[in-house]
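If you want the building blocks of each chain, they are given just below.
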Amino acid sequence: LSKELPRMPCVNTTKDFWHFSQAGRDLAQLHINYETVHKYPVTLDCGKRTLSQLSDQEYRVIKMKRPKIKVDDKSVNDNSTIIYNNYITVRDIPLAAYDYVVNGKAAIEWVIDRQTVTTDKKSGIVNDANDWAIDIMSNAKYPLELLQRVITVSLDTMKIVNALPLLDID
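Summary of the structure given here. Every value quoted in this text rests on a predicted model; they were computed, and no experiment measured them.

Looking at the pairing of strand E3 (residues 74-77)
Phase 1: Bridge analysis of strand E2 (residues 68-71) against E3 gives four bridges, and the strand direction is antiparallel. Along E3, the bridge assignment pairs Val71 with Lys74.
Phase 2: In this structure, the hairpin formed by E2 and E3 is closed by a connection of two residues, where Asp72 is found at a positive phi of approximately 50 degrees.

Regarding the packing of helix H2 (residues 107-114) against helix H4 (residues 142-162)
Phase 1: Axis separation between H2 and H4 bottoms out at 9 Å; the angle between their running directions is 165 degrees. Taken as axis vectors, H2 and H4 run roughly antiparallel relative to one another. Viewed along their axes, H2 and H4 form a crossing whose handedness is right-handed. When H2 is examined against H4, the residues Ala107, Ile108 and Val111 are found in contact with a partner set consisting of Leu146, Leu147, Val150, Ile151 and Ser154.
Phase 2: In terms of residue class, the contact of H2 with H4 is built from seven nonpolar, one polar and no charged.

Digging into the environment of Leu95
Phase 1: Locating Leu95 in the fold gives a position in the loop between strand E5 (89-91) and strand E6 (101-102).
Phase 2: Residues Leu95 and Lys121, 26 residues apart in the sequence, show an inter-C-alpha distance of 34 Å.
Phase 3: With residues near it in sequence (within four places) discarded, Leu95 still touches Asn79 and Ser80.

Quick look at the sheet that holds strand E1 (residues 43-45)
Phase 1: If you walk across this open sheet you meet the three strands as E1-E5-E4, and the pairing is antiparallel. Each edge of the open sheet is held by one strand with a lone partner, namely E1 and strand E4 (82-83).
Phase 2: Relative to E5, E1 runs antiparallel, the two being bridged by three bridges. Residue pairing in the sheet places Asp45 in a bridge with Thr89 of E5.

Brief notes about the nonpolar core
Phase 1: Ranked by size, the top nonpolar core spans 29 residues in total, and within it Met64, Ile82, Val90, Ile93, Ile108, Leu147 and Ile151 carry the most contacts.
Phase 2: Looking at this core, the elements with two or more residues in it are H2 and H4.
Phase 3: When residues of this core are assigned to their parent elements, the largest contribution, eight residues, is made by H4.
Phase 4: Look past the residues within four positions of Val90 in its chain and what remains in contact with it is Val42, Thr43, Leu44, Ser80, Thr81, Ile82, Tyr84, Leu144 and Leu147.
Phase 5: Counting residues in hydrophobic clusters, the runner-up holds five residues, among them Leu30, Val37, Val153 and Ile160.

A word on unusual backbone geometry
Phase 1: Even without being a glycine, Asp73 presents a positive backbone phi close to 60 degrees.
Phase 2: With respect to the helices, strands and loops of the structure, Asp73 is situated in the loop between E2 and E3.
Phase 3: Positioned with a positive phi, Asp92 is a non-glycine residue whose angle comes to about 65 degrees.
Phase 4: Positionally, Asp92 belongs in the loop between E5 and E6.
Phase 5: With relative accessibility at 51%, the residue Asp92 sits in the exposed group.

Remarks on the packing of aromatic side chains
Phase 1: Using the criterion set out here, one finds one aromatic pair in the structure.
Phase 2: Judged by centre distance (4.9 Å) and plane angle (80 degrees), the ring pair of Phe17 and Trp18 falls under edge-to-face.
Phase 3: We classify Phe17 as partly exposed; its relative accessible area is 34%.
Phase 4: Sitting over the face of the ring of Trp110, Lys105 holds its NZ or CZ atom 4.3 Å from the ring centroid.

A look at helix H3 (residues 129-136)
Phase 1: Among the residues making up H3, those that are buried are Ala129, Asn130 and Ala133. Across the axial projection of H3, the buried residues extend over an arc of 105 degrees, all falling on one side. In this structure, H3 carries Asp135 and Ile136 as exposed residues pointing more than 90 degrees from its buried face.
Phase 2: Residues of H3 that are buried in the fold lie against H2, strand E8 (117-119), strand E9 (126-128) and H4.
Phase 3: Immediately downstream of H3, the backbone of Ser138 shows phi near 55 degrees, a positive value.

Rules used in this analysis
- Residues numbered from 1 in each chain as written.
- Predicted model: local features only at pLDDT ≥ 70, side-chain atom pairs only at ≥ 80, totals over all residues.
- Heavy atoms only, no water.
- Pairing = 2+ DSSP bridges.
- Helix = DSSP H or I, 4+ residues; strand = E, 2+ residues; numbered from the N terminus.
- Axes fitted to C-alpha atoms, helices over the stretch in contact; angles between N-to-C directions.
- Parallel < 35°, antiparallel > 145°, perpendicular 65-115°, else oblique.
- Left-handed = near helix turned anticlockwise from the far one by under 90°.
- Contact = heavy atoms within 4.5 Å.
- Nonpolar A, V, L, I, M, F, W, Y, C, P; charged D, E, K, R; others polar.
- Core = buried A, V, L, I, M, F, W, Y, C linked by side-chain atoms within 4.5 Å.
- Buried < 20%, exposed > 50% of the residue type's maximum accessible area, 1.4 Å probe, protein only.
- Phe/Tyr/Trp six-rings, centres within 6.5 Å; stacked < 30°, edge-to-face > 60°.
- Lys NZ or Arg CZ within 6 Å of the ring centre and 35° of its normal.
- Arc of directions from axis to C-beta.

The following block contains the structure:
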């Protein structure tokens with residue numbers, strides 16, 4: 001959208017036009033308000049403790065990663081699980097959530113890449129997602145909640161897109 005205006009396909013029927021129009025409105029609302037959608041109910045494994053027993057410091061994320069599993073003697077990522085940090089593992093992520101792709105990468109992958117701590121090699125500047133969570137959002141759980149919300153947005157986006165009528169273009 002930063003490079004060009006959104007476009008609507010020319011369709012043959014008024015009904016299809018309004019279907020695309022409504023889908024566009026629904027997608028805009030969903031994506032603009034992504035921080036207020038419900039958190040997808042993944043399983044949050046905290047070992048022998050519950051989330052409420054964790055301190056703000058234990059929500060700190062350094063780098064999320066996905067565990068490897070063996071499939072046909074090959075090691076592959078388990079996309080249904082994300083190791084959030086040493087205290088929290090996110091389980092039961094629907095694989096369909098990876099179908100929503102932005103600029104060639106699943107939206108969940110963008111969250112995994114961006115909600116981390118990195119240091120620029122040249123400048124030495126530290127980019128810490130936890131600082132944003134605490135200083136700006138006043139919520140140490142923000143990176144975890146963002147991951148859950150992006151799962152919801154991804155699934156809902158694909159429902160809207162998959163419900164679009166087939167294009168019948170002249």
